[in-house]
Amino acid sequence: MKFAKKTVEKLVMAYCLEKQTIRKKAGSFQILWTRYATCGSFELLEQVRMGQKHPEHWRVVPENTHGVPLAPMKKAG
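None of these values were measured; they are calculated from a predicted model.

So, how was this worked out
- Residues numbered from 1 in each chain as written.
- Predicted model: local features only at pLDDT ≥ 70, side-chain atom pairs only at ≥ 80, totals over all residues.
- Heavy atoms only, no water.
- Helix = DSSP H or I, 4+ residues; strand = E, 2+ residues; numbered from the N terminus.
- Contact = heavy atoms within 4.5 Å.
- Salt bridge = Lys/Arg side-chain N within 4 Å of Asp/Glu carboxyl O.
- Buried < 20%, exposed > 50% of the residue type's maximum accessible area, 1.4 Å probe, protein only.
- Polar contact = N/O pair within 3.5 Å; in protein donor to acceptor, adjacent residues only side chain to side chain.

Peer 1: Kindly report on the overall build of the protein chain, identifying the contributing residues and their values.
Peer 2: Within the protein chain one finds two helices and three strands. Secondary structure elements in the protein chain, listed N-terminal to C-terminal, are α-β-β-α-β. Taking the intrachain contacts of the protein chain between residues at least 6 apart in sequence as the baseline, contacts between residues at least 24 apart amount to 56%.

Okay, structure coming up:
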């Protein structure tokens, strides 16, 4: 399904803070992203990301708004 850029921006109302983890599996590595927070403010989550010990292992992404089930969140700490 294709959307015009402005339409997609209007659909996105929340953002998620995710942390990258690497899992070794059968001699290869698998990169996983675990969701820690969901918020309506990209700027707030970006401030939280930058306050982490290794901000390069974190990302802020738009929440999935197209009906696909969301990944469960983990409790930080």
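Peer 1: Could you give an account of the pattern of salt bridges, with specific residues and numbers?
Peer 2: The tally for this structure, following the rule as stated, stands at three salt bridges. Across the salt bridge formed by E18 and R35, the nearest N and O atoms sit 3.5 Å from each other. With a gap of 17 residues between them, E18 in strand 1 (residues 15-25) and R35 in strand 2 (residues 28-39) connect regions that are remote in the sequence. Here E46 makes a salt bridge to R49, at a shortest N to O gap of 2.6 Å.

Peer 1: Could you give an account of the environment of E46, with specific residues and numbers?
Peer 2: Structurally, E46 is set in helix 2 (residues 42-50). Its relative accessible area of 22% is what places E46 among the partly exposed residues. In sequence terms E46 and C16 are 30 residues apart; their C-alpha atoms lie 9.9 Å from each other. Engagement of the side chain of E46 in a polar contact is seen with the side chain of R49, the distance being 2.6 Å.

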